[in-house]
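A closer look at the structure
The lines below spell out each chain.
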Amino acid sequence: MEKGHLPLFLAPMAGVTNSIFRTICKEKGADILTTEFVSADGIMHRNARTRGYVEFTPLERPMGVQLFGGDPERLAEAAQQVIDWVKPDFIDINFGCPASKVVCRNGGSALLRDCPLLEKVANAVVRACAPLPVTAKIRIGWDAASINAVQTAQLLEGAGIRRIAVHGRTKAQGYSGEADWEVIASVAASVLIPVIGNGDIVDGETARKRIKAGVSGLMIGRAAMTNPWIFTEVKAALEGIPYTAPSLEMRWELVRRHCFAEVASKRDERFAMQGMRSRLMAYTRGMPAARPLRSSLSGVGSLMELDTIIASHLSEIPEEAASLEHSSNIV
Ligand SMILES: Cc1cc2nc3c(=O)[nH]c(=O)nc-3n(C[C@H](O)[C@H](O)[C@H](O)COP(=O)(O)O)c2cc1C
């Protein structure tokens, strides 16, 4: 990373940010990557699938493993186990997941309304991991009536957490409404450790607006699923240099590469391609003539079918439309 450059983080996304996608985003300019959230219990049960979630390649460094759980000692043991297994550059604790299967086990955002437990979790993990840095990802609060991100961030800083990513929504909001960057700005002003802003960054322009919150870095999630080049675009916008959006051919080339890598890693083409269908929906959002395209991709089951769909799409789209910058609108 060049000096003075504001780091860009790929947001952890369960079922999305595996090693293949993380590597793509790194290549397009993401500076810091994290695994999707991994259950501390899964680690302690030495579950093979869980083990797969924490693995990464040297290319992905600096790389963090994100853990969730509600039991301080178990989370601390799980963190030590992960450090032993894969030697990440940092451990990240998830205090933001709104999913009920996580919240009902006192993990994720449940801890936002139990500050004493949140502090115990942070203390235990920081102690267990030292000298490896421990970071945290939070939401701004449980619901609109209990926005407590400043208090939470101060507790976490006191516990020795070294960096906090703040998703500007409450747990109750899920993914609805807009991220509240004023709260993110208050958090950034209230602690000395770096605060990373997250929520609804969709292009270079939104990123330029958002850095005014005084954050030390930006984290991007859903927009990268449609457009991994967003990291290149945001860097260009922050540095004030021109940016040229990728052509339709380049976008398809990247989609093919992603699909080929998934098939190679799963060794079952149909299974891998079925798993890619929702990703193909994200990749093709905003492409010209998207409706018929997306309908054919919704049933794709092989690389050969994918290639046929791509060839037909490219042959039907006039060159001017293909080079138009696609919209970064997200779901
Ligand atoms: C499919 C999906 C999975 C997610 N999984 C995680 C996760 O494992 N850990 C986490 O901290 N946040 C998770 N998030 C939240 C994102 O990291 C991020 O905070 C959120 O999407 C807002 O950022 P964005 O507007 O840039 O997408 C997930 C979000 C999505 C859409």
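Predicted model only: the values in this text are computed from it and were never measured. One numbering rule holds for all chains: residues counted from 1, following each sequence as written. Totals for whole chains, interfaces and linings use all residues, but because this is a predicted model, local features are given only for residues with pLDDT of at least 70 and pairs of side-chain atoms are given and counted only at 80 or more.

Remarks on the overall build of the chain
The helix and strand labels rest on DSSP assignments: H or I over at least four residues marks a helix, E over at least two residues marks a strand, and numbering proceeds from the N terminus. When its secondary structure is counted, the chain shows 16 helices and eight strands. Its C-alpha atoms give the chain a radius of gyration of 20 Å, within 12% of the compact-globule value 20 Å for 331 residues. Once the C-alpha set of the chain is aligned to its principal axes, its extents read approximately 60 × 45 × 40 Å. Restricting the contact set of the chain to residue pairs at least 6 apart, pairs at least 24 apart contribute 68%. With the radius of gyration taken over C-alpha atoms, the globule rule is written as 2.2 Å times the number of residues to the power 0.38. Residue pairs qualify as contacts under a 7 Å threshold applied to their C-beta atoms, which are placed from the backbone.

A short note on the environment of E253
Inspection of the secondary structure puts E253 in helix α12 (residues 248-266). With C-beta atoms placed from the backbone, the exposure class of a residue follows from how many other C-beta atoms lie within 10 Å of its own: 20 or more, buried; 12 or fewer, exposed; in between, partly exposed. With 13 C-beta atoms counted inside 10 Å, the residue E253 sits in the partly exposed group. In the structure, E253 is positioned 235 residues away from N18 in sequence and 19 Å away in space, judged by C-alpha atoms.

Description of the site of the ligand
Surrounding the ligand, one finds 22 residues, the nearest of these being A11, M13, F37, G221 and R222. Counting residues per element, the ones that place at least two in the shell around the ligand are β2 (33-39) and α10 (222-226). Of the residues assigned to the shell around the ligand, the class counts are 10 nonpolar, eight polar and four charged. A molecule or strand has a residue near it when that residue's C-beta atom, placed from backbone coordinates, lies within 6 Å of it. The nonpolar class holds Ala, Val, Leu, Ile, Met, Phe, Trp, Tyr, Cys and Pro. Asp, Glu, Lys and Arg form the charged class, and all remaining residues, Gly among them, are polar.

Comments concerning the domain arrangement of the chain
The domain boundaries here were taken from an automatic or database domain assignment. Under the domain assignment, the chain is made up of domain 1 (8-239) and domain 2 (248-323). In this structure, domain 1 and domain 2 have C-alpha centres spaced 30 Å apart. Tallying the contact residues gives five residues for domain 1 and 10 residues for domain 2. Elements supplying a minimum of two residues to the side of domain 1 that touches domain 2: α1 (19-27) and α10. Classifying every residue of the side of domain 1 that touches domain 2 by side-chain character gives four nonpolar, one polar and no charged.

Remarks on the environment of G240
Inspection of the secondary structure assignment puts G240 in the loop between α11 (230-239) and α12. Here G240 falls in the exposed class, since 7 other C-beta atoms lie within 10 Å of it.

Quick word on the sheet that holds strand β6 (residues 164-170)
At least two bridges found by DSSP between two strands is the condition for calling them paired. The sheet built from eight strands is open, its strands ordered β1-β8-β7-β6-β5-β4-β3-β2 with parallel pairing. Because the sheet does not close on itself, it has two edges, and the strands there are β1 (8-10) and β2. Geometrically, the sheet is characterised by an average inter-axis angle of 30° between neighbouring strands, direction not taken into account. The pairing of strand β7 (residues 195-198) with strand β8 (residues 217-220) spans three bridges and is classified as parallel. Helix axes are fitted to C-alpha atoms over the stretch in contact, other axes to C-alpha atoms as well, and angles between N-to-C directions run from 0 to 180 degrees.

A few points about the nonpolar core
Any set of buried Ala, Val, Leu, Ile, Met, Phe, Trp, Tyr and Cys residues joined through C-beta atoms within 7 Å is what this text calls a nonpolar core. The biggest cluster of nonpolar side chains holds 74 residues, and the ones touching the most others in it are F9, L67, V125, L218 and I220. Examining the composition of this core, we find that seven residues originate from one element, helix α6 (residues 115-129), more than from any other. Every residue in contact with V125, bar those within four places of it in the chain, is listed here: L75, A76, A79, I91, I93 and V134. Judged by nonpolar contacts, the second largest core, of 13 residues, contains A272, M273, M276 and L306.

Re helix α4 (residues 72-86)
An ideal rise of 1.5 Å per residue puts 21 Å on 15 residues; α4 measures up with 21 Å between its terminal C-alpha atoms. Those residues of α4 lying buried are P72, L75, A76, A78, A79 and V82. For α4, the arc enclosing every buried residue in end-on projection is 160°, short of the 170-degree limit, so these residues lie on one face. Next to the buried residues of α4 lie α2 (40-44), α3 (48-54), β3 (63-68), β4 (90-95) and α6. One or two positions beyond α4, positive phi appears at K87, with a value near 45°. What a helix is expected to span follows from its residue count: subtract one and scale by 1.5 Å. Of all possible arcs, the one meant is that of the directions from the helix axis to the C-beta atoms.

Some details on unusual backbone geometry
P62 follows R61 through a cis peptide bond whose omega is 0°. Looking at the secondary structure, you find P62 in the loop between α3 and β3. For the bond running from A130 to P131, omega is 5°, close enough to zero to count as cis. Inspection of the secondary structure puts P131 in the loop between α6 and β5 (134-141). One non-glycine residue with positive phi stands out, namely D200, at about 70°. Tracing the backbone shows D200 in the loop between β7 and α9 (204-210). For D200, a count of 20 C-beta atoms within 10 Å puts it in the buried group.

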